[in-house]
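Survey of secondary and tertiary structure
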Amino acid sequence: MNPTDIRHPDYFHKVVDCQWACPAHTPVPEYIRLIAAGRYGDAYLVNWKSNVFPGILGRTCDRPCEPACRRGRVEEGSPELRRNESKPEPVAICRLKRVAADLKDDVRPRLPQPATKRNGKRVALVGAGPASLTVARDLAPLGYECVVFDGDTQAGGMMRTQIPKFRLPDRVIDEEVGYVLDLGIELRSGVQVDSLAELLAPDARERFDAVFIGSGAPRGRDLDIPGRREAAANIHIGIDWLSSVSFGHTTSIGSRVVVLGGGNTAMDCCRSSRRLGGDDVQVVVRSGFDEMKASPWEKEDAMHEGIPIHNYLVPLAFTHDNGRLTGVTFEKVAARRDERGRRQLVPTGEPTVHFPCDDVLVAIGQENAFPWIERDIGIAFDEWNMPIVDRTTMASTRPGVYFGGDAAFGPKNIIWAVAHGHDAAISIDLSCRGESLANRPPPHVNLMSQKMGIHEWSYDNAIHSDRRYRVPLRDVTIALKDIRTEVELGFDAKLGYAEAQRCLNCDVQTIFTDKLCIECDACVDICPMDCITFTANGDEPDLRTRLTAPARNADQALYVSVPVRTGRVMVKDEDVCLHCGLCAERCPTGAWDMQKFLLDMAQADDRVQRHLAPRQPAPMAAD
């Protein structure tokens, strides 16, 4: 293998698994250390720069960072860390984000202020959800005049209309959406854009230099089976029903409720139903339990509130009595593989099952709807009636028009919408300055040695064996009485500190200097995970099998040195390294060093955000 080029930002970025997995690439270990040090405002601002909505995401994020967390992998293979038979669990990264939001001081003096001078460029943003607000947040401090159009009376998009208040209180949305709007952004609430052609017309009353479309996926899928039309009065589309509940238009539901669907929207529907009068609420899913799209914790929360989930049942018909809904009939199915290995749901031949109910909530997916985008204005659509969007620049096929969030690639989640917004803002800024959209700014990268002495470091590298701490919940009896009562109470300072100690500081990298190595193998002997091997070089598949502990995860690169004095190479398996620093402490020549890798993704407004960095470097651990 060729020697590893550790100068390339992606190499160590990928070693920080949580940050690599986050669509907005939030520097997770950095803000966790700040939380451990009690510097909640600094931790909040590290988050705010990357993901814009720390308090919202600390309650609602789909947490792509957590399955990637190294903690789960190393606990699986380390008897010292896994002192019980429970399943290894990642650091509670998402809930620690909420700690920063809940415990911070007033950060408004440290946020960018409205631009004192406009640059003459105007940007229209369709939809006031997370993608559009991110674009506006990045562009407004640069002097852009940002005008946001939304048919609702308040900004926030799906964060406000589709996430129940018992998960995300209005006060959190108001605060963090307010931080964006306070940058001098014009919100035209209650204004529906009915024609993109009119918005783009050169002779229009207002002229915009760019248009960003972040209108979400506003249409829920329906279920056209027998009885749908006859019993329509008590069959509701899930996302529309949640919006009606959010705005207070719907305040009750029948005693017996069936929710169709296995995603997070279905979980929100069933839990909301329990709070609005549903005594007997059942979730029915056509797939298996493990295949449901809902996040594992969303399913757990629903079952914790006494809501059963029934799997492998396909709806056949809505039953009714002269138009009054009486229930739903289902066919039992099983998962089978055909001759090509493709999974199919096959009827079992068992008798159908009937669920009696008063109301049905259909939450089987969402679709994009663009009736207001004319098909003759240069924006190409694919076979699924989705706009063709460049995944790097977020540009459509018409210059000056950009998409992001659910409007770009279909339903995902808030953190993806934020990432799209950052990329689109860079593109809009480049375009308005006459530069190529391909001229993407590089990330900001620092490597800083943590050496305090020959064998002393600026961080506490002790590895804590604590199990993941549970977020306290409000008593179910109290929680179910009011749909606006927040269920999760969040970590307090003590629990937040304890959970932060579980972080392995994966951004503190092991740096090897071949010229200093005397090949004493002390680092090999001391490594608790058998990560380090000195061996003859070879092709990667062969080399992976010849390490002290075989490196089976091909997705994580090997760290390979140039040949040392005997011609051998140092090979380190990055996949399960604890970043404990024992190799560097043990090395008699200093060939190993521990260096903190800090990567900040470039954004359009970097030149006005530099003051958002913590006032002091983040300590490696609190005493």
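Notes on the structure follow. Within each chain, residue numbers correspond to sequence positions counted from 1 in written order. Where totals are concerned, whole chains, interfaces and linings use all residues; where local detail is concerned, this predicted model gives features only for residues with pLDDT of at least 70, and gives and counts side-chain atom pairs only at 80 or more. The side-chain numbers reported here are obtained from all heavy atoms of the structure, hydrogens and water having been left aside.

**Describing the overall build of the chain**
Helix and strand definitions follow DSSP, with helices as H or I runs of at least four residues and strands as E runs of at least two, each counted in order from the N terminus. Of the regular secondary structure elements, the chain holds 23 helices and 22 strands. Over its C-alpha trace the chain gives a radius of gyration of 27 Å, about what one expects of a compact globule, namely 25 Å for 623 residues. Expressed as a percentage of its 623 residues, the buried residues of the chain come to 56%. Sequence-distant contacts, at least 24 apart, represent 72% of the contacts inside the chain between residues at least 6 apart. The method behind every accessible area is Shrake-Rupley, applied with a 1.4 Å probe, and residues are considered shielded solely by the protein chains displayed. For the chain, the exposed surface amounts to about 26800 Å²; the carbon and sulfur share of it is 49%. For the charge count, each Lys or Arg is scored as positive and each Asp or Glu as negative, with His and the chain ends excluded. Positions of charges follow a simple convention, taking NZ of Lys, CZ of Arg, CG of Asp or CD of Glu. A distance of 1 Å separates the average location of the 76 positive side-chain charges in the chain from that of its 88 negative side-chain charges. For a compact globule the rule gives 2.2 Å times the number of residues to the power 0.38, and the radius of gyration it is set against comes from C-alpha atoms. Any residue under 20% of the maximum accessible area for its type is buried, any over 50% is exposed, and the rest in between are partly exposed; the area is computed with a 1.4 Å probe on protein chains only. In this analysis, two residues are considered to be in contact whenever any of their non-hydrogen atoms come within 4.5 Å of each other.

**Observations regarding the packing of aromatic side chains**
In summary, the pairing rule links any two rings of Phe, Tyr or Trp, Trp by its six-membered ring, whose centres are within 6.5 Å, and it sorts them by plane angle into stacked for under 30 degrees, edge-to-face for over 60 and tilted for everything else. Tallied over the full model, the rule gives 10 aromatic pairs. Geometrically, the ring pair formed by Phe149 and Phe208 is edge-to-face, given 6.2 Å between the ring centres and 80 degrees between the ring planes. Remark: Phe208 occurs in the loop between helix 12 (196-200) and strand 4 (210-213) and Phe149 occurs in strand 2 (residues 145-150); sequence separation between them is 59 residues. Look at Phe149 and you get buried, because its relative accessible area is 6%. Residue classification places Phe208 among the buried residues on the basis of a relative accessible area of 13%. Through pairs of rings, three or more aromatic residues link up here, namely Tyr11, Phe12, Tyr559 and Phe597.

**Looking at the sheet that holds strand 1 (residues 122-126)**
Ordered by their spatial adjacency, five strands build an open sheet running 3-2-1-4-16, and the pairing between neighbours is parallel. Looking at strand neighbours, the two that pair on one side only are strand 3 (186-189) and strand 16 (401-403), the edges of this open sheet. Sheet twist, expressed as the mean angle between neighbouring strand axes with direction ignored, is 20 degrees. Pairing between two strands requires that DSSP report at least two bridges joining them. Of the strand pairs in this sheet, strand 4 and strand 16 are connected by three bridges, and their pairing is parallel. Counted as the bridge partner of Phe212 is Tyr402 from strand 16. With axes taken as lines fitted to C-alpha atoms, and helix axes fitted only over the stretch in contact, angles between N-to-C directions fall between 0 and 180 degrees. Along the sheet face, helix 9 (residues 130-139) touches strand 1, strand 2 and strand 4 and points at about 160 degrees away from the line of strand 1. Relative to the sheet, helix 17 (residues 414-432) contacts strand 1, strand 4 and strand 16, its axis offset from that of strand 16 by approximately 170 degrees.

**What to know about the side chain of Gln595**
Turning to its location among the elements, Gln595 is positioned in strand 22 (residues 592-600). Taking relative accessible area as the criterion, Gln595 reaches 16% and is therefore assigned buried. Here a polar contact is taken to be a pair of N or O atoms separated by no more than 3.5 Å, where protein atoms must pair a possible hydrogen donor with a possible acceptor and residues adjacent in sequence count only if both atoms sit in side chains. Only 3.1 Å separates the side chain of Gln595 from the side chain of Asp593, close enough to count as a polar contact.

**With respect to the environment of Asn385**
Tracing the backbone through its elements, the reader meets Asn385 in the loop between strand 15 (366-367) and strand 16. For Asn385 and Glu367, which are 18 residues apart along the polypeptide, the C-alpha to C-alpha distance reads 9.7 Å. Excluding residues that lie within four positions of it along the chain, Asn385 makes contacts with Phe370 and Arg375. A distance of 3.0 Å separates the side chain of Asn385 from the side chain of Arg375, its partner in a polar contact.

**Some words on the pairing of strand 12 (residues 343-347)**
Judged from the five bridges that link them, strand 11 (residues 324-337) and strand 12 form a sheet pairing that is antiparallel. If you follow Ala335 over to strand 12, its bridge partner there is Leu345. Here strand 11 folds back onto strand 12 in antiparallel fashion, the turn holding five residues, of which Gly341 has a positive phi close to 85 degrees.

**What to know about the pattern of salt bridges**
By definition, a salt bridge exists where a carboxyl oxygen of Asp or Glu is found within 4 Å of a side-chain nitrogen of Lys or Arg. Per the counting criterion, the structure on display carries 54 salt bridges. The closest approach of N and O atoms between Arg95 and Glu488, which form a salt bridge, is 2.9 Å. Taken together, the positions of Arg95 in helix 8 (residues 93-103) and Glu488 in the loop between helix 18 (476-479) and helix 19 (493-500) put the pair 393 residues apart, joining distant regions of the chain. Glu488 shares its class with Arg95; the two are buried.

**Notes on the nonpolar core**
Within soluble globular proteins, side chains that are nonpolar tend to cluster in buried spots. Within this scheme, the nonpolar core is defined by two criteria: the residues are buried Ala, Val, Leu, Ile, Met, Phe, Trp, Tyr or Cys, and they are joined through side-chain atoms within 4.5 Å. Formed by 70 residues in total, the largest nonpolar core has its most connected members in Leu139, Leu196, Leu199, Ile213, Ile373, Phe403 and Ile428. Sort the elements by how many residues they give to this core and helix 17 lands first, with 10 residues. Membership of the second largest hydrophobic core comes to 63 residues, among which are Val28, Leu45, Val107 and Cys580.

**Quick notes on the sheet that holds strand 20 (residues 558-560)**
Taken together, the three strands give an open sheet; going across it, the order is 19-21-20, and neighbouring strands pair in antiparallel fashion. Looking at which strands have only one partner, the edges of the open sheet turn out to be strand 19 (532-535) and strand 20. The average undirected angle you get between the axes of adjacent strands in this sheet is 25 degrees. Relative to strand 21 (residues 569-573), strand 20 runs antiparallel, the two sharing three bridges. Bridge assignment links Tyr559 to a residue of strand 21, and that residue is Lys572.

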